[in-house]
Amino acid sequence: MNSQIRNPIFQTVALAVLLMGLSACSNVSFEPTSEEAQTKGLTEDPPTDSGAHETFFFNENETQAKVDVLFIVDNSRSMYEEQVKLGGRLDSFLNSLARLDWQIAVTTTDTSSGRFGVKGSLVPISGHPTTNVITKDTPDFHSAFLNTIVREELINCVNPDCPSPDERPLEAAIFAMAKANSNNAGFFREDADLAIVVLSDEDERSNGVGAVAGQTVINSFRSIFGSHKTLSVFGIVVQPGDVTCLTEARLTNLSYYGTSVSNLAALTGGVTGSICAADYSESLSNIAGRVVELVKSVTLSKKPVRDSVKIVVTPEDPKLKWTLSEGQKIVFNKPPKKGSKVDIYYTPEQ
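## A look at the confidence of the model for the chain
Phase 1 of the analysis: Per-chain confidence: the chain averages 84 in pLDDT, with 84% of residues scoring 70 or above.
Phase 2 of the analysis: Mean pLDDT values for the elements of the chain range from 42 in strand β1 (residues 26-28) up to 98 in helix α4 (residues 169-178).
Phase 3 of the analysis: In this model, residues 1-37 is a region of pLDDT below 50 whose contacts with residues beyond four sequence positions or in other chains number 257 contacts.

Right, here's the structure in full:
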């Protein structure tokens, strides 16, 4: 994607909807799977002999869900403007994630062997060169995010000393996850869900020919992290079928529909926004809201004895099921409805 310089920002992830709701008073039970537990339903009556009892209110302050948000940014020459727009609208993203334990990292679509091909490695945070992760505790994290998203390597670069114009966000996602215990250690927390946000005005491999399949990304995620984490993918792209946006984008650079990212977003319950939008605030707010809706877990304060867990949800939802994962994490098959009260009874391990 060679062309004149334009400008960007992005949003990402949330987890407060976890305690969202059921209707009446229902109960949940559990049993082992190939991981740790198989999905079970609610119990009918609150146990009277459990050693521990914890209560969670979905979409309330008590829920301290964790989400890791990875921004994969197209750093080819035509993307300056979009990067500036993304970087300047972090508030639109984080306001919806306020009650979540979030952290943010950035990588690029350049997976080449060239000078700027980071191949999924997280880039250093601007102003904080010793870290590649932004958290609520990062000093002036808004500026740090903006200055990290806006990639210096594309500004006034002259070919061939520019980032690769062969954008590969899906391949970058696979590379990034594969480095969870090496270059990217510390970002992919075991007890946090993963949200990926892609900013690009082209498809995988620019035009989609020979693109990595969305299911391949999902399979890689599962092989690396197992089933105790959830993956949701989002995009700010040229949305498939948006002829007006594609025409506008092609006035200044060679652009293509973001079909690969859009398909992966659909497979993981995510959404996409238009890269042609004058302001990315709405797209980022929608993405963050969706992230919150996809949050489906709570973490117990102690590790329960296998098969001792019983769950009562008020109001009741007969379709709600759950799994015990990672020893202390309760993962629901869908987010409880907003306003739900979840009572969890169990016997703690000694």
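## Observations regarding the nonpolar core
Phase 1 of the analysis: Phe71, Phe93, Leu97, Ile104 and Ile275 are the most contacted members of the largest nonpolar core, which totals 41 residues.
Phase 2 of the analysis: Mapped onto this core, the elements with two or more residues apiece are β3 (66-73), α2 (90-94), β4 (101-108), α3 (141-149), β5 (193-199), β6 (231-237), α6 (243-249) and α8 (281-293).
Phase 3 of the analysis: When residues of this core are assigned to their parent elements, the largest contribution, five residues, is made by α8.
Phase 4 of the analysis: In terms of nonpolar packing, the next biggest core, distinct from the first, is built from 26 residues, Ala105, Val133, Met177 and Val198 among them.

## What to know about empty space enclosed by the protein
Phase 1 of the analysis: For the structure shown, the criterion picks out one cavity of 30 Å³ or more.
Phase 2 of the analysis: Reported here for the largest cavity is a volume of approximately 40 Å³.
Phase 3 of the analysis: Along the walls of the largest cavity sit Ile72, Pro169, Leu170, Ala173, Ile196, Val198, Val233 and Leu264, which together make up its complete lining.
Phase 4 of the analysis: Those elements that provide at least two residues to the lining of the largest cavity are α4 and β5.
Phase 5 of the analysis: In terms of residue count, the dominant contributor to the lining of the largest cavity is α4 (three residues).
Phase 6 of the analysis: Class assignment of the residues belonging to the lining of the largest cavity gives a composition of eight nonpolar, no polar and no charged.

The rules behind the values
Residues numbered from 1 in each chain as written. Predicted model: local features only at pLDDT ≥ 70, side-chain atom pairs only at ≥ 80, totals over all residues. Heavy atoms only, no water. pLDDT = per-residue confidence, 0-100. Helix = DSSP H or I, 4+ residues; strand = E, 2+ residues; numbered from the N terminus. Contact = heavy atoms within 4.5 Å. Core = buried A, V, L, I, M, F, W, Y, C linked by side-chain atoms within 4.5 Å. Buried < 20%, exposed > 50% of the residue type's maximum accessible area, 1.4 Å probe, protein only. 1 Å grid on protein atoms, 1.4 Å probe; cavity = no way out; pocket = protein on both sides within 12 Å on 5 of 7 lines; lining within 4 Å. Points joined across faces, edges and corners; volume = space filled by probe spheres on them. Nonpolar A, V, L, I, M, F, W, Y, C, P; charged D, E, K, R; others polar.

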